[in-house]
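# Understanding the architecture of this molecule
The lines below spell out each chain.
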Amino acid sequence: MTEQSPRHLARTDYLAIEQSLGAHNYKPLDVVLSRGEGVWVWDTEGKRYLDCLSAYSAVNQGHCHPRILEAMVAQAKKLTLTSRAFHNDQLALFYEELCALTRSHKVLPMNSGAEAVESAVKTVRKWGYEVKGVPADQAEIIVCADNFHGRTIAIVGFSTDPSSRKGFGPFAPGFKVIPFGDADALEKAITPNTVAFLVEPIQGEAGVIIPPKGYLKRVREICTRAGIVMILDEIQTGLGRTGKLLAEEHEGVEADLTLIGKALSGGFYPVSAVLSNTEVLGVLKPGEHGSTFGGNPLACAVSRMALKVLVEEGMIDNAAAMGQVFRDALKALTYPIIKEVRGIGLMIALELRPDAGGARRLCEALKQRGLLCKETHTHTIRFAPPLVITRAEIDWAIEQIDGVLRAA
Ligand code: IF1
């Protein structure tokens, strides 16, 4: 076995090298992690932390899940990448299992979440011209204020967050922004050139914003009536995070295009997909879209097992049950600095009052006590542990949160 040469640096050295050699597009907590197992991660000094971020919901199945690891190693020894110039013996199985699980008709495999979003944007535009009959280059896509769909130029071009878009223009035209959770606004914004409505079922980056009950149902009706494609970005909400396989199930609706990523690989590998229910994906012809790594056999094998363990090991139901436990326990903490506790499944936010001094310092304090989480915007702490978390682990997390809030 050839191993990576063992180099162990002091924590401060890792930080200093990153500081000097890396682009400064993140501001991480100053913990350097080197190992993970289930809901736990360890830093280079051997200190253990309960991970309440799950790599932004990519490790829903828990860190280094043994069955996914085994599938990955086995496949890595056989075949990793063929390109789509040739077939591979994992892609068809990935399609079949993913379609059966999500009741989809077609799949477009990609890598990152942003690529899935870009792919959907391209596809619905083409669908608009070829099927709906929109005049060339006039297609409009409606999106929501405070959205988060990724970091590419087209995507940040329709973001409303100044830090995501400022300084990155010029942007692609063809997007119209409406308020989130407002079905009437959608109805009013649709024109004959509208091809699609793109929305997160629950806004993640915006701070776990849950739309009014019945919103997605009305969106579904409006999209059907207007003949436009309903695109749900389930990259963060999908694959068990909210206590259902897909968040759309909470309202009993089915999107025309569903975007998934993150936990599609259990955090082992970047795997994303566009799922299609109306054959919108049928408009793509050879040569019109693709990716060197999309649909590669390693990604497919990893993803097949990531889906299998999610279902077989009861993680989705556990997310529903433990999410309730976690939220109830947070709601029982009645400190004046808490403005609101909200969430669904294990996608949970604790919003502080604006005068509470910000969420960042509480995340730092929680890190000291062995719990990792991340603020979103200034006043909100997000809790999103792996879906395998137990009641005892939640009890322990609540003790730490209670301690930090009491001291604050
Ligand atoms: C970062 C948040 C989570 C997403 C939705 C597409 C993508 C994402 C709904 C793009 C990505 C990430 C990326 C991460 C921070 C993060 C995030 F804080 F922004 F909201 F998850 F909580 N659609 N979300 O949430 O997927 O291209 O990154 O694979 O560091 O930017 P990607």
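Since the structure is predicted, the reported quantities are computational estimates derived from the model, not experimental observations.

The four strands lie next to each other as β11-β12-β15-β14, forming an open sheet whose pairing is antiparallel. Only two strands of the sheet have a single neighbouring strand rather than two, namely β11 (338–344) and β14 (374–376). For this sheet the average axis-to-axis angle between neighbouring strands, irrespective of direction, equals 30 degrees. Examined bridge by bridge, strand β12 (residues 347–352) and strand β15 (residues 380–383) share four bridges and lie antiparallel to one another. In the sheet register, leucine 350 faces β15, and the bridge partner there is isoleucine 381. Across the face of the sheet, helix α12 (residues 360–368) comes into contact with β12, β14 and β15 while running at roughly 165 degrees to β14.

Moving on, we come to the pairing of β15. Side chains Thr380 and Arg382 project from β15 onto one buried face, and the interleaved Ile381 and Phe383 project onto a second face that is buried too. Where β14 lies against β15, three bridges are found, and the strand directions are antiparallel. Counterpart to glutamate 375 in the pairing with β15 is isoleucine 381.

Of all hydrophobic cores here, the largest spans 65 residues; its most connected members are Phe326, Leu330, Phe383 and Ile401. Sort the elements by how many residues they give to this core and helix α10 (residues 297–312) lands first, with nine residues. If near-sequence neighbours (up to four positions away) are discounted, isoleucine 401 is found in contact with Phe326, Leu330, Leu333, Leu366, Leu371 and Phe383. If you look at the next biggest cluster of nonpolar residues, it comprises 28 residues, including Ala196, Ile231, Leu257 and Leu281.

About the thresholds
- Residues numbered from 1 in each chain as written.
- Predicted model: local features only at pLDDT ≥ 70, side-chain atom pairs only at ≥ 80, totals over all residues.
- Heavy atoms only, no water.
- Pairing = 2+ DSSP bridges.
- Helix = DSSP H or I, 4+ residues; strand = E, 2+ residues; numbered from the N terminus.
- Axes fitted to C-alpha atoms, helices over the stretch in contact; angles between N-to-C directions.
- Contact = heavy atoms within 4.5 Å.
- Buried < 20%, exposed > 50% of the residue type's maximum accessible area, 1.4 Å probe, protein only.
- Core = buried A, V, L, I, M, F, W, Y, C linked by side-chain atoms within 4.5 Å.

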